[in-house]
Each structure stands twice: as structure tokens, then as C-alpha cells.
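# Results of the structural survey
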Amino acid sequence: MFMLFKKQPEAVQCLHNHASTFTGESHLTLKYAIRGLLVVGALCGASANAVTITYDSTLDAQGIPTTTVAGATVVNFSAGCTGYTSCSGNGLIVQGSSPGRYAAPGLLSDTNPYLSVPLDLSQTTLSATLLLPTTANYFGLFWGSIDDYNTLSFLLNGSTVASFTGLDITSPANGNQSAPATNTYVNFFDLPTFNGVVISSTQYAFESDNHAYASVPEPATLALLSAGLLGMGVGRRRRKVTSMPA
Ligand SMILES: [Ca+2]
Ligand SMILES: [Ca+2]
């Protein structure tokens, strides 16, 4: 159950200038995922990690976008916040949509439980804090109707180590409830080590489902990305060969 809790540290504001490099519609295949890949310098705190953001549309058994990271712990909110040690703050696990308050991510007819933040705009704290039973460097979530006033922050022992807003994911982040660009599975690789997640929204609402976390060896991430880029290079060479005169 969500309960009111004491105020968390303010989210660290990061400097991001890459939003225009990503076109929101081009994340539905691996090829486009690579093209739309963002390497974000997490200019937060003392961290110098380069966070890699990718987009996915792989569906789970209920037809909800989910992670493809092997071994990741997935929190689908069908059994409260099972998978987290605790969930507290100004949020609620909801189903369906409530006009002006929350909308089921991507599918207005969907009745799958998901997390909406905040529950009540009149409260002082407009965020929910989710604590992990372990540390991780990967996080994924199906982020619905992405708004520029949504903020996703990562904590290590209560201190913010990285923070992203809806505009870091897509632009415009206008809360469209069905467009692929504002309803997508978002993967954050190579995050600074974290053991808590803060979901914040200064207006209604930040809707999300199928949270996933894992500790992913960075060489594996690099290998995956290198393979994708190499594949694109091979494709180009092949086209070049076939266009040569006989
Ligand atoms: Ca769910
Ligand atoms: Ca929203």
C-alpha cells in the first residue's frame, strides 16, 4: 500500500541536449532502436557514467510491453509492488483510466494493474519511492502517456545518482495516450549503481508498468550494441556490393 512519507531529496537536474536527435516513431525494431539509441552523459552528482537509453516493444503474456533483459526482476503490479522491498509515497496501483487523473499506458481499454503517480495533487510530496532488495545498474519501465513534468530518479542509499524527465525520452512529451512515441518501453543501461527509484510528477500523471531491474555487466551491453551497429554496417556493405556493375 502507498502511504504518505517524508519528503525525498529534490531530483538532481541534469543537462540534456540530445532530445532532438531521437525521432519518436523510430523505435519499433532493433534496427531503429539502434538508430534511435541515445548515449546520455549522466551529469548528475559525482557520476561520470554514460547511460544508454533504448526503446523496445516486446510484449509480455498480457500484451503489455516488457523488458528483454535476461534475468531481470519484473514488477508488474498484479500483486501489489511484489519485486520491490517497499513502495511508499503519493502513488497508487490502479486499473483502467480515470479522466483527468490517469490513463492506462498505451491502451485505454487495458485493465492490467499499473502504477500511477501522484494519487493526490493536493499533497506536499508528489512522488513515490520504490526500494529494491539489491543494487542494480539497469532499469526498464513501460512509460505511458509520457509528460514533460514526469521525472524518474535513481537513488543509492537515499541519495539521487541520476535523474531523467519525460523530455529526455521523447519530444514533445505531451502526454499523448496512444502515440508510440509517448507510450513505450524504455531501457536505461549503465546507470550509476542504485537501489531505489523515485517516480515524480507535478501534475496528473506519471503512469508506468512492468518495471524491471538487473545488474547487467557493462561488457555485455557494449557487445549487444556493437553487434547491432556491426549488423547495420554489414547491411550497407552488402547493398554496395549488389549495386556494383556486373
Ligand atoms: Ca501490470
Ligand atoms: Ca502521463
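Values in this document were obtained by computation on a predicted structure and should not be read as measured data.

## Some thoughts on the overall build of the chain
For the chain, the count of helices and strands is two helices and 13 strands. Out of the 246 residues in the chain, the part that is buried amounts to 42%.

## A word on the nonpolar core
By size, the foremost hydrophobic cluster in this structure holds 49 residues, and its most contacted members are Tyr138, Phe139, Phe154, Leu191 and Ile199. It is strand 8 (residues 138-144) that contributes the most residues to this core, five residues altogether. Residues in contact with Phe154, not counting those within four places in the same chain, are Phe139, Val161, Ala162, Leu191, Pro192, Phe194 and Val197.

## Quick word on the sheet that holds strand 10 (residues 159-165)
Across the sheet, five strands lie side by side as 4-7-12-9-10; this open sheet has antiparallel pairing. The open sheet is flanked by strand 4 (86-89) and strand 10, the only strands paired with a single partner. Ignoring strand direction, the axes of neighbouring strands in this sheet form an average angle of 20°. Two strands pair when backbone bridges link them, and strand 4 and strand 7 (residues 127-136) are joined in this way by four bridges, in the antiparallel orientation. Its bridge partner being in strand 7, Ser86 is matched across the sheet by Leu131.

## Things to note about the pairing of strand 8
The element strand 8 is largely enclosed, with a buried count of seven among its seven residues. Alternating positions in strand 8 separate into two faces, Tyr138, Gly140, Phe142 and Gly144 on one and Phe139, Leu141 and Trp143 on the other, with burial throughout. Summarising the sheet, strand 8 and strand 13 (residues 206-214) pair through six bridges and their orientation is antiparallel. The residue bridging Tyr138 from the neighbouring strand is Ala214, located in strand 13. With five bridges joining them, strand 8 and strand 11 (residues 184-189) adopt antiparallel strand pairing. Within strand 11, the position partnered with Gly140 by the bridge is Asn187.

## Observations regarding unusual backbone geometry
Between Val117 and the following residue, Pro118, the backbone shows a cis peptide bond with an omega angle of 0°. In this structure, Phe77 takes a positive phi of about 65° despite not being glycine. The exposure class of Phe77 is buried, given the 22 C-beta atoms found within 10 Å.

## Topic: the confidence of the model for the chain
Residues with a pLDDT of 70 or more make up 68% of the chain, whose mean pLDDT is 79. Note on residues 38-47: pLDDT is under 50 here. Beyond four places in sequence and across chains, it has 32 contacts. When the criterion is pLDDT under 50, residues 234-246 qualifies, and its contacts beyond four places in sequence or with other chains add up to zero contacts.

## So, the environment of Phe139
The topology assignment puts Phe139 in strand 8. By C-beta crowding, Phe139 is classed as buried, having 24 other C-beta atoms within 10 Å. For the pair formed by Phe139 and Val69, sequence separation is 70 residues and the distance between their alpha carbons is 9.6 Å.

## Quick notes on the environment of Pro113
Mapped onto the secondary structure, Pro113 falls in the loop between strand 5 (92-94) and strand 6 (114-117). C-alpha separation for the pair Pro113 and Val94, spaced 19 residues apart in sequence, amounts to 5.5 Å. Those residues in contact with Pro113 that lie beyond four places of it in its chain are Phe77, Ser78, Ile93 and Gln95.

Cut-offs applied
- Residue numbering note: each chain is counted from 1, following its sequence as written.
- Chain letters and ligand numbers both follow the written order, the letters beginning at A and the numbers at 1.
- Where totals are concerned, whole chains, interfaces and linings use all residues; where local detail is concerned, this predicted model gives features only for residues with pLDDT of at least 70, and gives and counts side-chain atom pairs only at 80 or more.
- A run of H or I in DSSP becomes a helix once it reaches four residues, and a run of E becomes a strand once it reaches two; helices and strands are each numbered from the N terminus.
- Note on burial: count the other C-beta atoms lying within 10 Å of the residue's C-beta; 20 or more is buried, 12 or fewer is exposed, in between is partly exposed, and C-beta positions come from the backbone.
- As used throughout, a nonpolar core is a set of buried Ala, Val, Leu, Ile, Met, Phe, Trp, Tyr and Cys residues joined through C-beta atoms within 7 Å of each other.
- A residue pair is marked as a contact if its C-beta atoms, positioned from the backbone, fall within 7 Å.
- Two strands are counted as paired when DSSP detects at least two bridges linking them.
- The convention used is that axes are lines fitted to C-alpha atoms, helices contributing only their stretch in contact, and that angles between N-to-C directions extend from 0 to 180 degrees.
- pLDDT is a per-residue confidence score from the predictor, ranging from 0 to 100.

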